[in-house]
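Summary of structural features
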Amino acid sequence: MPSKSRDQRIHDLDATLRVGKKGVDSVTDELDSQLGDTQFVKVKFLRAARGGTTSEELADELADRVSADVVQVRGHTAVFER
């Protein structure tokens, strides 16, 4: 698949999960389930979840928990792939 179409597919995704004050624990199972159904999942990290960490750190932690890869992090949104 050409890289441009892959990037366009990622860009066109809507965030289907939001990580809030309960942290990554609250979305781990749902992300795992969604990655079983689709190639990419976009997750938004809300201000309450970030606290003293960065979106990159939260994305890495979440990826480790579901055995996925972080495709990209832009601002407060990350895209995961398995």
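Summary of the structure given here. What you see is a predicted model, and the numbers here were worked out from it, not measured in a lab.

The number of helices and strands found in the protein is four helices and four strands. Along the protein, helices and strands appear, N-terminal first, in the series α-β-α-β-α-α-β-β. In terms of overall dimensions, the protein is globule-like: its C-alpha atoms have a radius of gyration of 12 Å, near the 12 Å expected for 82 residues. Projected onto its principal axes, the C-alpha coordinates of the protein cover approximately 35 × 25 × 20 Å.

As a further point, take the nonpolar core. The biggest cluster of nonpolar side chains holds 18 residues, and the ones touching the most others in it are Val19, Leu31, Leu35, Val43, Phe45, Leu62 and Phe80. Looking at which element gives the most residues to this core, the answer is helix α4 (residues 55-66), with five residues.

The next thing to look at is the packing of helix α2 (residues 28-37) against α4. For any two helices packed against each other, the geometry comes down to the angle between their axes and how far apart the axes lie. One way to put it is that α2 packs onto α4 with a least axis distance of 10 Å and a crossing angle of 65°. Here α4 runs roughly perpendicular to α2, going by the angle between their axes. Like other packed secondary-structure pairs, α2 and α4 cross with a definite hand, here right-handed. Contact residues: α2 offers Thr28, Leu31, Asp32 and Leu35, while α4 offers Leu62, Arg65 and Val66. Per-class residue counts for the contact of α2 with α4 are four nonpolar, one polar and two charged.

What follows is about unusual backbone geometry. One non-glycine residue with positive phi stands out, namely Ser67, at about 55°. Tracing the sequence through the fold places Ser67 in the loop between α4 and β3 (69-74).

Conventions adopted
- Residues numbered from 1 in each chain as written.
- Predicted model: local features only at pLDDT ≥ 70, side-chain atom pairs only at ≥ 80, totals over all residues.
- Heavy atoms only, no water.
- Helix = DSSP H or I, 4+ residues; strand = E, 2+ residues; numbered from the N terminus.
- Rg over C-alpha atoms; globule rule 2.2 N^0.38 Å.
- Core = buried A, V, L, I, M, F, W, Y, C linked by side-chain atoms within 4.5 Å.
- Buried < 20%, exposed > 50% of the residue type's maximum accessible area, 1.4 Å probe, protein only.
- Axes fitted to C-alpha atoms, helices over the stretch in contact; angles between N-to-C directions.
- Parallel < 35°, antiparallel > 145°, perpendicular 65-115°, else oblique.
- Left-handed = near helix turned anticlockwise from the far one by under 90°.
- Contact = heavy atoms within 4.5 Å.
- Nonpolar A, V, L, I, M, F, W, Y, C, P; charged D, E, K, R; others polar.

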